[in-house]
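A look at the structure
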Amino acid sequence: MPSGSEARGVKIRGGVRLEGGVPIQGAKNAALPLLAASLLIPEPVIFENVPSVRDVAVMVEVLTHLGARIAWDRAARRMEVDASSLQHFEAPQDAVRKMRASIYVLAPLLARFGEARVGYPGGCAFGPRPIDFHLRGLERLGASVDVAFGEIHARIRRFQGNHFAFDRKSVGATIQVVMAAVLAEGTTVLDNVALEPEVATTLEFLNAAGARIEGIGTDRLVIHGVKTLQSPGKWTVIPDRIEAGTWLIAGAATGGEVTVSPMPKAFLPTVLEKLAEAGVDIRETAEGLNVHGASPQHLRPIRVVTEPFPGFPTDLQPQITVLLARVPGSSRIRDTIYPTRFHHAEELRRLGARIEVEDGTAWIEGVPRLTGAEVEGRDLRATAALVIAGLVAEGETVVRGFEHLVRGYEDFVGKLRALGAEVELLF
Ligand code: EPU
């Protein structure tokens, strides 16, 4: 397990400027669908740059339960998945409760067995997260889907190509329906698909395995079904843009200097644009991206709207809220993806921030200082944001909810310390 994975909280001494380089992990939100997609391939696949985070460990549990053989060398970041031995079409009962992304096994199980049983996900810490597009998309390709006793039970003889348009862009549903379409009989056309780099890399992986997906990177995919997939051998997980964004914002918020690498600029277009608009000095270097923060007191207020890629990611909304909490003037953040994802605002008020939330929008009046207190994160990104708040608050801040943080950030505390932060784990 990554260091500190059993900790329940951290105590942070505020007022330290973060300085140094951060090696960026493989993307959690790419690793999860890639692992699920490997169930479609009845041969061993090797993944490189796999992040050592709790959610990946949960996906490994799910796949192992289904009968896949997995060898994970955490130190080498390498994982071999052999799904030739798949035996069950029933995901373990509590899998989806532990992690919503477990739902990704639905289409692969249907394709392999003609039947699948997966728990129906409940609400999550930042509001309702429906799966109607996943189910409607699979139905459109011929599956019959029944929801009863808290479980999704789906059946299919073989997926049939069809046309399906998503009502709005969805990372998970796009990947789910594509996983069904690659082995369907005939051609499938999907409109209004998600464009996130994590989606693109999963589709490219499927193509490397013999799928015929056209239009990757555009709103419309045309997928010609094939009979079987073969192992592409090795596949490298792309770097985690949300982790990189978190460290860049932490650097800016502490008025420090942080370089994240590797990280292509193209993965964070709107984030870089918005930071620059606020007056943060951010540039691309030979190694990656570098932020050279002026103190937030010298930055300008901005308006941020979260949107599907290439827009500003909702997964960096809590973190930028913390940065703007100390920027003089009025900033505004609207989350169009998860309008109720603002629990952190209440916690930030305990630290002295002036934030009001109404109808999916946070109105922020910058204050000159935050002061330490005890706060609690209720999800992964909010907890990371509260740690950043602790870094800039005067005195000591205790952030509880650390168990959420290890779901998606590898060695968060180790990396913080390497940047000069004074952090103590609480158990
Ligand atoms: N939506 C529906 N119906 C559906 C699916 C989605 O209405 O069937 C709505 C959602 O409620 C949301 C929007 O569509 O308003 C987009 O949701 P999306 O399906 O794209 O989200 P997801 O696939 O469930 C992934 C990430 C999340 C990230 C969102 C948005 C993974 C494993 N999770 O979730 O990551 O917030 O995309 O970018 O990829 C995180 O890493 O902390 C995290 C929560």
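Higher on the page you've got the structure.
As a starting point, this report considers the structure included with it. (Residues numbered from 1 in each chain as written. Predicted model: local features only at pLDDT ≥ 70, side-chain atom pairs only at ≥ 80, totals over all residues. Heavy atoms only, no water.)

**Overview of the overall build of the protein**
A tally of helices and strands in the protein yields 14 helices and 23 strands. Along the first, second and third principal axes, the C-alpha atoms of the protein reach 65 × 45 × 40 Å. Taking all contacts inside the protein whose residues are at least 6 apart in sequence as the whole, residues at least 24 apart take part in 73%. Surface exposure of the protein reaches about 16,100 Å², of which carbon and sulfur atoms provide 48%. In the protein, which carries 47 positive and 51 negative side-chain charges, the distance between the mean positions of the two groups comes to 1 Å. (Helix = DSSP H or I, 4+ residues; strand = E, 2+ residues; numbered from the N terminus. Contact = heavy atoms within 4.5 Å. Areas by Shrake-Rupley, 256 points an atom, 1.4 Å probe, with all protein chains shown as cover. Lys, Arg positive; Asp, Glu negative; His and termini not counted. Charge placed at Lys NZ, Arg CZ, Asp CG, Glu CD.)

**Quick word on the packing of helix 6 (residues 171-181) against helix 7 (residues 197-208)**
Contact pair helix 6 / helix 7: the axes reach a minimum separation of 10 Å and the direction vectors enclose 10°. When the interaxial angle is binned, helix 6 and helix 7 end up roughly parallel. Across the interface between the two elements, Val-171, Thr-174, Ile-175, Val-178 and Met-179 of helix 6 pack against Glu-198, Val-199, Thr-202, Leu-203 and Leu-206 of helix 7. Of the residues that constitute the contact of helix 6 with helix 7, the class distribution is seven nonpolar, two polar and one charged. (Axes fitted to C-alpha atoms, helices over the stretch in contact; angles between N-to-C directions. Parallel < 35°, antiparallel > 145°, perpendicular 65-115°, else oblique. Nonpolar A, V, L, I, M, F, W, Y, C, P; charged D, E, K, R; others polar.)

**Topic: the side chain of Glu-115**
With respect to the element layout, Glu-115 can be found in strand 6 (residues 115-119). Leaving out residues up to four positions away in the same chain, Glu-115 has contacts with Phe-89, Leu-109, Leu-110, His-153, Ala-154 and Arg-155.

**Section: the packing of aromatic side chains**
What the rule picks out here adds up to six aromatic pairs. Their ring planes at 25° and their centres at 4.8 Å tell us that Trp-247 and Phe-412 sit as a pair that is stacked. Placement of the pair is Trp-247 in helix 8 (residues 241-253) and Phe-412 in helix 14 (residues 412-418), with a sequence separation of 165 residues. According to the relative accessible area criterion, Phe-412 is buried, its value standing at 4%. Over the aromatic face of Trp-72 sits the side chain of Arg-74, whose NZ or CZ is 3.9 Å from the ring centroid. (Phe/Tyr/Trp six-rings, centres within 6.5 Å; stacked < 30°, edge-to-face > 60°. Buried < 20%, exposed > 50% of the residue type's maximum accessible area, 1.4 Å probe, protein only. Lys NZ or Arg CZ within 6 Å of the ring centre and 35° of its normal.)

**Concerning helix 9 (residues 269-278)**
Three or more residues of helix 9 are buried, namely Thr-270, Val-271, Leu-272, Lys-274, Leu-275 and Ala-278. Packed against the buried residues of helix 9 are helix 8, strand 15 (281-284), strand 16 (289-292), strand 17 (303-306) and helix 10 (317-324). At the exit of helix 9 stands Gly-279, carrying a positive phi of roughly 100°.

**What about the packing of helix 1 (residues 28-37) against helix 2 (residues 54-66)?**
Here helix 1 crosses helix 2 at 5°, and the two axes come no closer than 10 Å. In terms of axis orientation, helix 1 runs roughly parallel to helix 2. Note on element contacts: helix 2 touches helix 1 through Asp-55, Val-56, Met-59 and Leu-63, opposite Lys-28, Ala-31, Leu-32, Leu-35 and Ala-36. Tallied by class, residues from the contact of helix 1 with helix 2 come to seven nonpolar, no polar and two charged.

**Let's talk about the sheet that holds strand 10 (residues 187-191)**
Taken in spatial order, the four strands line up as 9-10-12-11 in an open sheet, and their pairing is mixed. Looking at the sheet topology across the chains shown, the edges are occupied by strand 9 (163-165) and strand 11 (212-214). Strand-to-strand twist of the sheet, defined as the mean angle between neighbouring strand axes without regard to direction, takes the value 15°. Alignment of strand 10 against strand 12 (residues 220-224), held across five bridges, turns out to be antiparallel. Considered in strand 12, the bridge of Asp-191 is made with Arg-220. (Pairing = 2+ DSSP bridges.)

**Describing the site of the ligand**
What surrounds the ligand is a group of 22 residues, the closest being Asp-132, Ser-170, Val-171, Asp-315 and Ile-337. A distance of 2.8 Å is found between an oxygen atom of the ligand and a backbone nitrogen or oxygen belonging to Gly-172. Here an oxygen atom of the ligand and a side-chain polar atom of Tyr-338 are 3.2 Å apart. Out of a free accessible area of 820 Å², the ligand has 88% covered by protein chains. Elements with a minimum of two residues in the shell around the ligand: helix 1, helix 5 (132-140), helix 6 and helix 12 (380-392). Ranked by the residues each element gives to the shell around the ligand, the list is headed by helix 5, at three residues. Along the lines of polarity and charge, the residues of the shell around the ligand split into nine nonpolar, five polar and eight charged. (Near = heavy atom within 4 Å. Polar contact = N/O pair within 3.5 Å; in protein donor to acceptor, adjacent residues only side chain to side chain.)

**Brief notes about the environment of Asn-207**
For Asn-207, the location among the structural elements is in helix 7. With near-sequence residues (within four places) excluded, Asn-207 lies in contact with Arg-212, Ile-213 and Ile-216. Side-chain polar atoms of Asn-207 contact the backbone nitrogen of Ile-213, separated by 2.8 Å.

**Quick notes on the environment of Leu-221**
The topology assignment puts Leu-221 in strand 12. Residue class for Leu-221 comes out buried when judged on its relative accessible area of 1%. Linking Leu-221 and Asn-162, residues 59 residues apart in sequence, is a C-alpha distance of 12 Å. Those residues in contact with Leu-221 that lie beyond four places of it in its chain are Thr-174, Val-178, Thr-188, Val-189, Leu-190, Val-193, Leu-203, Ile-213, Glu-214, Gly-215 and Ile-216.

**Considering helix 10**
With eight of eight residues buried, helix 10 is to be regarded as a mostly interior element. Listed in full, the buried residues belonging to helix 10 are Gln-317, Pro-318, Gln-319, Ile-320, Thr-321, Val-322, Leu-323 and Leu-324.

**Looking at the nonpolar core**
Ranked by size, the top nonpolar core spans 155 residues in total, and within it Val-56, Val-105, Val-182, Leu-206, Leu-229, Trp-247 and Val-260 carry the most contacts. No other element matches helix 12, which puts nine residues into this core. Leaving out residues up to four positions away in the same chain, Val-260 has contacts with Val-22, Ile-24, Ala-244, Trp-247, Leu-248, Glu-287, Gly-288 and Leu-289. (Core = buried A, V, L, I, M, F, W, Y, C linked by side-chain atoms within 4.5 Å.)

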